[in-house]
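The primary structure of each chain is shown beneath.
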Amino acid sequence: MQTIDETKARTLIKQAEQITFLTGAGVSTASGIPDYRSLSGIYHGIERPEYLLSQTCMREEPEKFYSFVQTLYHPNAKPNSIHLKIANIAKIKNTWVISQNIDGLHAKAKTQQLVNFHGNLYDCYCRKCGQAVSAEVYLVSDHHEQCGGQIRPNIVLYEEGLDEQAITVSIEAVAKADLIVIMGTSFQVHPFCDLIHYAKATATVLVINQTPIQLNREAYFLKEDAVKVFENIVTEEL
C-alpha cells in the first residue's frame, strides 16, 4: 500500500469520473456515534454483544434485545463533513455509497445512490403484520399498537442473511467504479470486505483511515482523519 498525502488524495477524487465509497463506523464517530470495538465503542465492556444483536436474542429474549438496540440509536446525530461532501460529490460525478453503517446519516445527507449494506435502524416494521413503524414509535415500545406484534429495526442481525438486492447493487457499483474509496473501517467484516474483489483491474483504490487495512491489491493509503480531508475538499473545484 503506497502512502500518500492529502493533496494527492484530493487529486485522485478530482480526476475520477465514477466513484464508489465503501464506508464504515469511523465516518460517523465525528457525528457523536460510537464505533463498535474501540475502547469507547458500543461493544466495550459488554458480555456477548453479538448475542444481544442476534436473531436468537430477538426471538427468545426480546427484552434484552430491545434494551441493547435502544443504545444504538442517536436520533439527534447530524451528518458531518464526510457525509455532506460525498453527497455533494454525487451531484457532480457518478457516485455510489456502500455503507456498513446502520445510523442513517448518509441518507440524512441526501445521498442519492446509497446501499445500506447492513440495513438502517430508522427503518422499522412489525414482525407480525409487516406494517412499517417509525423509529420514534419503536423507541417508546417494541410492541405494535395495532396488532401487538414485535417491532424490529430492519438491520441485519447475527444469524441472518444479507439482502440479495443489496449485494447485487453493491457488486455492480464496485465493478463500474474507476475509483474506490475505503474509509472509516477495519475492512475485516465479511462479506462487506469481499466487495473489493469485484473491482476492475484498472480501478484505483484509495484508503483514508487512521490505520492501514489488508488488501489483496495495490492501493493508495492516506493516514488521516477523513473528516479533516473532506472539510478541505472544495466540490466546486471537482
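Bear in mind the structure is a predicted one, so any value in this text is a computation, not a measurement. (Residues numbered from 1 in each chain as written. Predicted model: local features only at pLDDT ≥ 70, side-chain atom pairs only at ≥ 80, totals over all residues. Heavy atoms only, no water.)

## Here's the deal with the overall build of the chain
Okay, so step 1: On a plain count of helices and strands, the chain comes out with nine helices and 10 strands.
Okay, so step 2: Computed over C-alpha atoms, the radius of gyration of the chain comes to 18 Å, within 12% of the 18 Å expected from 2.2 N^0.38 for 238 residues, which places it in the range of a compact globule.
Okay, so step 3: Here the C-alpha coordinates of the chain stretch approximately 55 × 35 × 30 Å along the principal axes.
Okay, so step 4: Looking at the chain as a whole, 48% of its 238 residues are labelled buried.
Okay, so step 5: Within the chain, counting contacts between residues at least 6 apart in sequence, those at least 24 apart form 65% of the total.
Okay, so step 6: By element, 48% of the accessible surface of the chain is carried by carbon and sulfur atoms, the whole surface being about 11900 Å².
Okay, so step 7: Counting 21 positive and 27 negative side-chain charges, the chain places the averaged centre of each group 4 Å from the other. (Helix = DSSP H or I, 4+ residues; strand = E, 2+ residues; numbered from the N terminus. Rg over C-alpha atoms; globule rule 2.2 N^0.38 Å. Buried < 20%, exposed > 50% of the residue type's maximum accessible area, 1.4 Å probe, protein only. Contact = heavy atoms within 4.5 Å. Areas by Shrake-Rupley, 256 points an atom, 1.4 Å probe, with all protein chains shown as cover. Lys, Arg positive; Asp, Glu negative; His and termini not counted. Charge placed at Lys NZ, Arg CZ, Asp CG, Glu CD.)

## Quick word on the packing of aromatic side chains
Okay, so step 1: Applying the stated criterion across every chain yields a total of six aromatic pairs.
Okay, so step 2: Between the aromatic rings of F187 and F192, the centroid separation amounts to 5.9 Å while the plane-to-plane angle is 80°, which identifies the pairing as edge-to-face. Here the two residues F187 and F192 agree in accessibility, since each one is buried.
Okay, so step 3: An aromatic cluster is built from Y66, Y73, Y122 and Y138, whose rings are joined through pairwise contacts.
Okay, so step 4: Directly above the aromatic system of Y51 lies the positively charged group of R48, at a separation of 4.4 Å from the ring centroid. (Phe/Tyr/Trp six-rings, centres within 6.5 Å; stacked < 30°, edge-to-face > 60°. Lys NZ or Arg CZ within 6 Å of the ring centre and 35° of its normal.)

## A look at the UniProt feature "active site" (unreviewed entry) in the chain
Okay, so step 1: Taking the UniProt record as the reference, the feature "active site" (unreviewed entry) is found at H118.
Okay, so step 2: Structurally, the position occupied by H118 is in the loop between β4 (114-116) and β5 (119-126).
Okay, so step 3: If we ignore the near neighbours within four places in the chain, the residues touching H118 are S99, Q100, I102, N154, I155, V156, L162 and V189. (UniProt positions renumbered as here; feature names shortened; annotations may be inferred.)

## Side note on the side chain of N209
Okay, so step 1: Along the polypeptide, N209 turns up in strand β9 (residues 204-209).
Okay, so step 2: On the basis of relative accessible area, N209 is assigned to the buried category, the value being 6%.
Okay, so step 3: In terms of polar contacts, N209 uses its side chain to reach the backbone amide nitrogen of G184, at 2.8 Å.
Okay, so step 4: A distance of 2.7 Å separates the side chain of N209 from the backbone oxygen of T185, its partner in a polar contact.
Okay, so step 5: Residues contacting N209, with those up to four places away along its chain left out, are M183, G184, T185, F221, L222, K223 and E224. (Polar contact = N/O pair within 3.5 Å; in protein donor to acceptor, adjacent residues only side chain to side chain.)

## Re the layout of surface pockets
Okay, so step 1: Put simply, the second largest pocket is a space of about 260 Å³.
Okay, so step 2: Lining the second largest pocket are 17 residues, with N116, G119, N154, V156 and D163 sitting closest to its centre.
Okay, so step 3: Among the secondary structure elements, those contributing two or more residues to the lining of the second largest pocket are β4, β5 and β7 (151-155).
Okay, so step 4: Of all the elements, β5 adds the most residues to the lining of the second largest pocket, at four residues. (1 Å grid on protein atoms, 1.4 Å probe; cavity = no way out; pocket = protein on both sides within 12 Å on 5 of 7 lines; lining within 4 Å. Points joined across faces, edges and corners; volume = space filled by probe spheres on them.)

## A look at the pattern of salt bridges
Okay, so step 1: Inspection of the entire model under this criterion finds five salt bridges.
Okay, so step 2: A salt bridge links E6 to K228; the nearest nitrogen and oxygen atoms lie 2.8 Å apart. With a gap of 222 residues between them, E6 in helix α1 (residues 6-15) and K228 in helix α9 (residues 226-231) connect regions that are remote in the sequence.
Okay, so step 3: A residue is classified by how much of its surface remains accessible, and E6, at 11% relative accessible area, is buried.
Okay, so step 4: The residue R152 makes a salt bridge to E160 at a minimum N-O spacing of 2.7 Å.
Okay, so step 5: The exposure class of E160 is partly exposed, given its relative accessible area of 22%. (Salt bridge = Lys/Arg side-chain N within 4 Å of Asp/Glu carboxyl O.)

## Considering α1
Okay, so step 1: Burial in α1 covers these residues: E6, A9, L12 and I13. Summarising the axial view, the buried residues of α1 lie within an arc of 120°, below the 170-degree limit, and thus occupy one face.
Okay, so step 2: Structurally, α1 contributes buried residues whose contacts are with β2 (18-23), α5 (81-89), β8 (179-183), β9, β10 (220-223) and α9. (Arc of directions from axis to C-beta.)

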